[in-house]
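Overview (structure and organization)
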Amino acid sequence: MSYNKKDIFLSIMLMIFFISFAIVFTVFFKQLYYFDIDYLNIDIISGIPAKIVKENYDILINYQSIFYQGSLNLPDFVMSTNGRIHFQEVKTIFEVIQVLMISSGVVSFIMTLKRLREKEYRFFKLTGMLTIVVPSMLGFIAALDFSNAFIIFHKIVFRNDFWIFDYRSDPIIRILPETFFMHCFILIVLIVIILASLCLVFYNYKQKQIINDTIE
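Residues of helix 2 (residues 30-39) that are buried: Lys30, Leu32, Tyr33, Asp36 and Ile37. An end-on view of helix 2 places all buried positions within 150 degrees of arc, on one side of the element. Exposed side chains of helix 2 directed beyond 90 degrees from the buried face belong to Asp38 and Tyr39. In the stretch just after helix 2, asparagine 41 is the one whose phi turns positive, near 55 degrees.

As a further point, take the packing of helix 2 against helix 4 (residues 50-63). Running from N to C, helix 2 and helix 4 point in directions that differ by 155 degrees, and their axes come no closer than 11 Å. Classified by the interaxial angle, the pair formed by helix 2 and helix 4 is roughly antiparallel. Crossing handedness for the pair helix 2 and helix 4: right-handed. Judged by residue contacts, Lys30, Tyr33, Tyr34 and Ile37 of helix 2 engage Ala50, Val53, Lys54, Tyr57, Asp58, Ile61 and Asn62 from helix 4. Among the residues making up the contact of helix 2 with helix 4, the classes are represented as seven nonpolar, one polar and three charged.

Side chains that differ in sign of charge can pair as their charged atoms come close. On inspection of all chains with the given rule, the structure shows nine salt bridges. Two residues, aspartate 7 and arginine 115, come together in a salt bridge whose shortest N-O distance is 3.0 Å. Placement of the pair is aspartate 7 in helix 1 (residues 5-28) and arginine 115 in helix 5 (residues 81-117), with a sequence separation of 108 residues. Arginine 168 is the salt-bridge partner of aspartate 166, the closest N and O atoms lying 2.8 Å from each other. Here aspartate 166 falls in the partly exposed class, since its relative accessible area comes to 27%. Among the residues examined, arginine 168 registers a relative accessible area of 64% and is labelled exposed. The network of salt bridges with shared partners includes Asp7, Arg115, Glu118, Glu120 and Arg122.

This part takes up the side chain of serine 80. Within the secondary structure layout, serine 80 lies in the loop between helix 4 and helix 5. Serine 80 sits in the buried class, given a relative accessible area of 18%. Not counting chain neighbours up to four residues away, the residues in contact with serine 80 comprise Ser169 and Asp170.

So, on to helix 1. The end-to-end C-alpha separation of helix 1 is 34 Å, in line with the 34 Å expected for 24 residues at 1.5 Å each. Between the side-chain oxygen of the N-cap and the backbone nitrogen of lysine 6 there are 3.1 Å, and the N-cap of helix 1 in question is asparagine 4.

Parameters at a glance
Residues numbered from 1 in each chain as written. Predicted model: local features only at pLDDT ≥ 70, side-chain atom pairs only at ≥ 80, totals over all residues. Heavy atoms only, no water. Buried < 20%, exposed > 50% of the residue type's maximum accessible area, 1.4 Å probe, protein only. Helix = DSSP H or I, 4+ residues; strand = E, 2+ residues; numbered from the N terminus. Arc of directions from axis to C-beta. Axes fitted to C-alpha atoms, helices over the stretch in contact; angles between N-to-C directions. Parallel < 35°, antiparallel > 145°, perpendicular 65-115°, else oblique. Left-handed = near helix turned anticlockwise from the far one by under 90°. Contact = heavy atoms within 4.5 Å. Nonpolar A, V, L, I, M, F, W, Y, C, P; charged D, E, K, R; others polar. Salt bridge = Lys/Arg side-chain N within 4 Å of Asp/Glu carboxyl O. Expected span 1.5 Å × (residues − 1). Polar contact = N/O pair within 3.5 Å; in protein donor to acceptor, adjacent residues only side chain to side chain.

Laid out in structure tokens, this is it:
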């Protein structure tokens, strides 16, 4: 099956939107962390009451929003200069991802409506195939050794070692276990795969519908 430039561009935009949406949704889906507080015994292991853990985590996540432009102040945790710089770098990355989500979402929505009016559905198949490949490959690599993949990711994304926290100078790390980030990664992959699968299902449905209409 051949694809024109519009379909390829739209598929890439949708792929970017799906991946960025999955990341943004997961980052701001606080219920996952609340679940892990109990599941991973974060409050017990850290020795910090669950209520305080939640309050400070909420502040940390709200800080990541593109709409929040203030400084990060955690009332129950001291923070080193390096730690503060790291969270600022993380915020910058998340802000870029949020901008990508919004811009790719707007472009995808407009182009998708136009293609649907033209009764063109091939881009759904291309989107599904392109989008499934990325999380599947990353998921396979991470599944082999998440700890090592986690370290490699930070070395690629950050140009310093400020992400290596010392719990004595940045005790916030005590309530952010690596396993929680693994759960975040799993949720991101699942969301992307579900969205990609929906594209493939919709494409197959429309193809069958077209065939049935032709026969009738």
